[in-house]
Amino acid sequence: MTIEHTDEFELYHYGESLCSQMVRLALEEKQIPYKSHHMHLELNAGNLTKEFRKINPSAVVPVLVHKGTPIYDSWEILKYLDQCAPEQGTPLWPKDEESQKVIDAVIMENALDRDVELGENFGTSVAGASTYILANILRRRPALAVIWDYFVKHPMKERAVAFTILRLRGGLPDKLYKKFIRRLAIGLLSTEKALDHGKDYMFGDYSMIDTMMTAHFHRLEDVALGDILQSDELPNIKAYWMRLQARPSYEPAMLAQHSWEWREAMEEVYGGKPSPYFPYLKETLTENRSAA
Ligand SMILES: N[C@@H](CCC(=O)N[C@@H](CS)C(=O)NCC(=O)O)C(=O)O
């Protein structure tokens, strides 16, 4: 399948999608210029249009189009970019098989994978923690329009159910949200421990796993849980997060790509204050630390 294109690399993405953020960070790190197709998701279901479903029948972002060929799935895209320009910019995917296996395992723990249930790993808990923002954005459209779009056009029916619940309820049940928070605490503690090696990045040198941690930490700030990244209880993470933000890729790939409706939703949901779940996050962090 060849997609209409004008540039060698083109990216279909959304400002705040975690997977899109990782790919943009990778493009910056590899110093690969690209044409940007910035879309909206929950605001207008831009990913469910006929045109976009021709580009990605799974109706999700990101999609990298290289010389007209679409590449799906953020990790595959990151590996692909590294192979396209092995000697250019930051190497993202290690050359030796042993490290590749370790990275693959860490990815499963952190990634947003369809096979991992929401709240069962760090990545899906970060996504789950964003549900109040998503609900706020979905509420800008009539309920019937949302339900119609997702049930009729979204190929993943479990997402249609999830988005309908968010649109109608304005969020998820407290019990489920707390599950995400508890899983976040576990993920933060294991990241803190992994960084005990004293090196700058998760695997010593910067690698693709660090693009994911950047997106996850940035999201914790968006959902008003960012204070945890400044906590003296997590000194390795605190220093690591500052290092990630100081990289030249951070501004163009993250800050310069914010979507207006997401920023508005953040303001409406949290009003610049810490999340009401912040104390619970601190509490579970302390509990899990003592249990470890
Ligand atoms: N495994 C895919 C996941 C892609 C994905 O779920 N993308 C989300 C944004 S992070 C999306 O497009 N959601 C919109 C929807 O499902 O309607 C990847 O790594 O790229």
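Residues numbered from 1 in each chain as written. Predicted model: local features only at pLDDT ≥ 70, side-chain atom pairs only at ≥ 80, totals over all residues. Heavy atoms only, no water.

**Let's talk about the overall build of the protein**
1) Next: Across its full length, the protein holds 14 helices and four strands.
2) Next: On C-alpha atoms alone, the protein measures out to a radius of gyration of 19 Å, which is about the 19 Å that the 2.2 N^0.38 rule sets for 292 residues.
3) Next: Dimensions of the protein along its principal axes, counting C-alpha atoms only, are 55 × 50 × 30 Å.
4) Next: Scored against the burial criterion, the 292 residues of the protein give a buried share of 53%.
5) Next: Expressed as a percentage of contacts within the protein between residues at least 6 apart in sequence, the contacts between residues at least 24 apart total 73%.
6) Next: Of the roughly 13,200 Å² that the protein leaves accessible, carbon and sulfur atoms contribute 55%.
7) Next: Distance between charge centroids for the protein: 6 Å, based on 34 positive and 42 negative side chains. (Helix = DSSP H or I, 4+ residues; strand = E, 2+ residues; numbered from the N terminus. Rg over C-alpha atoms; globule rule 2.2 N^0.38 Å. Buried < 20%, exposed > 50% of the residue type's maximum accessible area, 1.4 Å probe, protein only. Contact = heavy atoms within 4.5 Å. Areas by Shrake-Rupley, 256 points an atom, 1.4 Å probe, with all protein chains shown as cover. Lys, Arg positive; Asp, Glu negative; His and termini not counted. Charge placed at Lys NZ, Arg CZ, Asp CG, Glu CD.)

**Brief notes about the side chain of His 216**
1) Next: Along the chain, His 216 falls in helix 10 (residues 208-222).
2) Next: For His 216, the contacting residues outside a window of four places in its chain are Leu 18, Asn 110, Phe 122, Gly 123 and Val 126.

**Focus: the site of the ligand**
1) Next: Around the ligand, the structure places 15 residues, and the nearest of them are Asn 47, Val 61, Asp 73, Ser 74 and Arg 159.
2) Next: At 2.8 Å from an oxygen atom of the ligand is found a side-chain nitrogen or oxygen belonging to Asn 47.
3) Next: Taking Arg 159, its side chain carries an N or O atom lying 2.8 Å from an oxygen atom of the ligand.
4) Next: Protein burial of the ligand: of its 510 Å² of free accessible surface, 88% is covered by the chains.
5) Next: Elements that contribute at least two residues to the shell around the ligand include exactly helix 1 (18-29) and helix 8 (157-169).
6) Next: Residues of the shell around the ligand, tallied by class, amount to nine nonpolar, four polar and two charged.
7) Next: Counting the residues that make up the shell around the ligand, at least three belong to each of domain 1 (9-84) and domain 2 (98-291). (Near = heavy atom within 4 Å. Polar contact = N/O pair within 3.5 Å; in protein donor to acceptor, adjacent residues only side chain to side chain. Nonpolar A, V, L, I, M, F, W, Y, C, P; charged D, E, K, R; others polar. Domains from an automatic or database assignment.)

**Structural notes on the packing of helix 9 (residues 174-194) against helix 11 (residues 235-246)**
1) Next: Close contact between helix 9 and helix 11 brings their axes to 8 Å; oriented N to C, the two are set at 80°. Comparing their axes, helix 11 and helix 9 come out roughly perpendicular. On helix 11, the residues that touch Leu 188, Thr 191 and Glu 192 of helix 9 are Pro 235, Asn 236 and Ile 237. (Axes fitted to C-alpha atoms, helices over the stretch in contact; angles between N-to-C directions. Parallel < 35°, antiparallel > 145°, perpendicular 65-115°, else oblique.)

**What about the pairing of strand 4 (residues 69-72)?**
1) Next: Of the pairings in the sheet, the one linking strand 3 (residues 63-66) to strand 4 comprises four bridges and is antiparallel in character. Looking at strand 4, one finds that Leu 64 is bridged to Ile 71.
2) Next: Taken together, strand 3 and the strand that follows it, strand 4, pair antiparallel across an intervening segment of two residues, in which Lys 67 is found at a positive phi of about 50°. (Pairing = 2+ DSSP bridges.)

**Some words on the domain arrangement of the protein**
1) Next: Here the protein is described as being made up of domain 1 (9-84) and domain 2 (98-291).
2) Next: Summarising the inter-unit geometry, the C-alpha centres of domain 1 and domain 2 are found 19 Å apart.
3) Next: Taking both sides of the interface into account, the surface hidden between domain 1 and domain 2 amounts to around 3,000 Å²; carbon and sulfur atoms contribute 64%.
4) Next: When the buried surface of domain 1 facing domain 2 is broken down by residue, Glu 16, Glu 42 and Trp 75 rank first, second and third, together holding 24% of it.
5) Next: Remark: the boundary between domain 1 and domain 2 carries three salt bridges.
6) Next: The closest approach of N and O atoms between Arg 247 and Glu 29, which form a salt bridge, is 2.8 Å.
7) Next: Where the side of domain 1 that touches domain 2 is concerned, the elements lending two or more residues are strand 1 (9-14), helix 1 and helix 3 (74-84).
8) Next: Per element, the largest residue contribution to the side of domain 1 that touches domain 2 is nine residues, and it comes from helix 1.
9) Next: Considered class by class, the residues forming the side of domain 1 that touches domain 2 number 16 nonpolar, nine polar and seven charged. (Buried area = accessible area lost by both parts, 1.4 Å probe. Salt bridge = Lys/Arg side-chain N within 4 Å of Asp/Glu carboxyl O.)

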